[in-house]
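What follows is each chain in one-letter form.
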Amino acid sequence: QVQLVESGGGLVQAGGSLRLSCAASGSIFRVNTMGWYRQAPGKQRELVASITYGGSTNYADSVKGRFTISRVNAQNTVYLQMNSLKPEDTAVYYCNARVTRTIPYVDVEVWGQGTLVTVSS
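Residues numbered from 1 in each chain as written. Predicted model: local features only at pLDDT ≥ 70, side-chain atom pairs only at ≥ 80, totals over all residues. Heavy atoms only, no water.

(A) Local environment of the overall build of the chain. The helix and strand inventory of the chain stands at zero helices and eleven strands. Taken over the C-alpha trace, the chain has a radius of gyration of 14 Å; the compact-globule value for 121 residues is 14 Å, and the two agree within 12%. The principal-axis extent of the C-alpha atoms belonging to the chain is close to 50 × 25 × 20 Å. Look at the contacts in the chain between residues 6 or more apart in sequence, and 56% of them connect residues 24 or more apart. Surface summary for the chain: the accessible area is close to 6,300 Å², and the carbon and sulfur share equals 48%. The positive charge centre, built from 11 side chains, and the negative charge centre, built from 7, are 4 Å apart in the chain. (Helix = DSSP H or I, 4+ residues; strand = E, 2+ residues; numbered from the N terminus. Rg over C-alpha atoms; globule rule 2.2 N^0.38 Å. Contact = heavy atoms within 4.5 Å. Areas by Shrake-Rupley, 256 points an atom, 1.4 Å probe, with all protein chains shown as cover. Lys, Arg positive; Asp, Glu negative; His and termini not counted. Charge placed at Lys NZ, Arg CZ, Asp CG, Glu CD.)

(B) Main features of the state of the cysteines. Within this structure, the stated rule accounts for one disulfide. In this model, cysteine 22 is linked to cysteine 95 through a disulfide, with the two sulfur atoms separated by 2.1 Å. Between cysteine 22 and cysteine 95, the S-S dihedral sits near -85°, and the bridge is therefore left-handed. Here cysteine 95 lies in strand β9 (residues 91-101) and cysteine 22 lies in strand β3 (residues 18-26), a separation of 73 residues in the sequence. For the pair cysteine 22 and cysteine 95, one class covers both residues: buried. (Disulfide = S-S within 2.5 Å. Buried < 20%, exposed > 50% of the residue type's maximum accessible area, 1.4 Å probe, protein only.)

(C) Seen up close, the pattern of salt bridges. In this structure the tally under the stated criterion is five salt bridges. In this structure, glutamate 46 engages arginine 38 in a salt bridge whose closest nitrogen and oxygen atoms are separated by 2.7 Å. Judged by its relative accessible area of 7%, arginine 38 falls in the buried class. Ionic pairing is found between aspartate 89 and arginine 66, a salt bridge with its closest N-O pair at 2.8 Å. Pair noted here: aspartate 89 is in the loop between β8 (77-82) and β9 and arginine 66 is in the loop between β6 (57-59) and β7 (67-72), with a separation of 23 residues, a long-range link. Here aspartate 89 falls in the buried class, since its relative accessible area comes to 0%. (Salt bridge = Lys/Arg side-chain N within 4 Å of Asp/Glu carboxyl O.)

(D) Quick look at the environment of serine 50. Among the structural elements, serine 50 can be located in strand β5 (residues 46-51). For serine 50, a relative accessible area of 16% corresponds to the buried category. With 30 residues separating them along the chain, serine 50 and leucine 80 place their C-alpha atoms 9.6 Å apart.

(E) Molecular detail of a nonpolar patch on the surface. Together, Phe29, Ile103 and Tyr105 give the surface a local cluster of nonpolar side chains, amounting to about 380 Å² of exposed area. Positionally, isoleucine 103 belongs in the loop between β9 and β10 (107-111). The exposed category is assigned to isoleucine 103, whose relative accessible area is 68%. (Patch = residues over 30% accessible without salt bridge, like charges linked within 9 Å, V, L, I, M, F, W, Y side chains within 5 Å.)

So this is what it looks like as structure tokens:
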């Protein structure tokens, strides 16, 4: 079994910064693509940013230039540095990972429990 544990959410004023962390643990052979999604009240969950094992990144247009995703493969951890936060960034942020488990090397998709980010105006 594989688990994702997130941390770093909270309340911040507009223009401020927060850093989210997500660590994968369990029966892991390799953590492949990792990403952050968010879901605001009344809206669908959307991709915020993703990063491959090799470090290639992808960002939603709404966060380009403000958010930075990074990872430490040796620690199976992904980070999301969020700068210049706006009230519209308020949402529950979910960590996502595509993981190759140990024997029998099955690929699974795993979600974290979510962490709330609230940006006040």
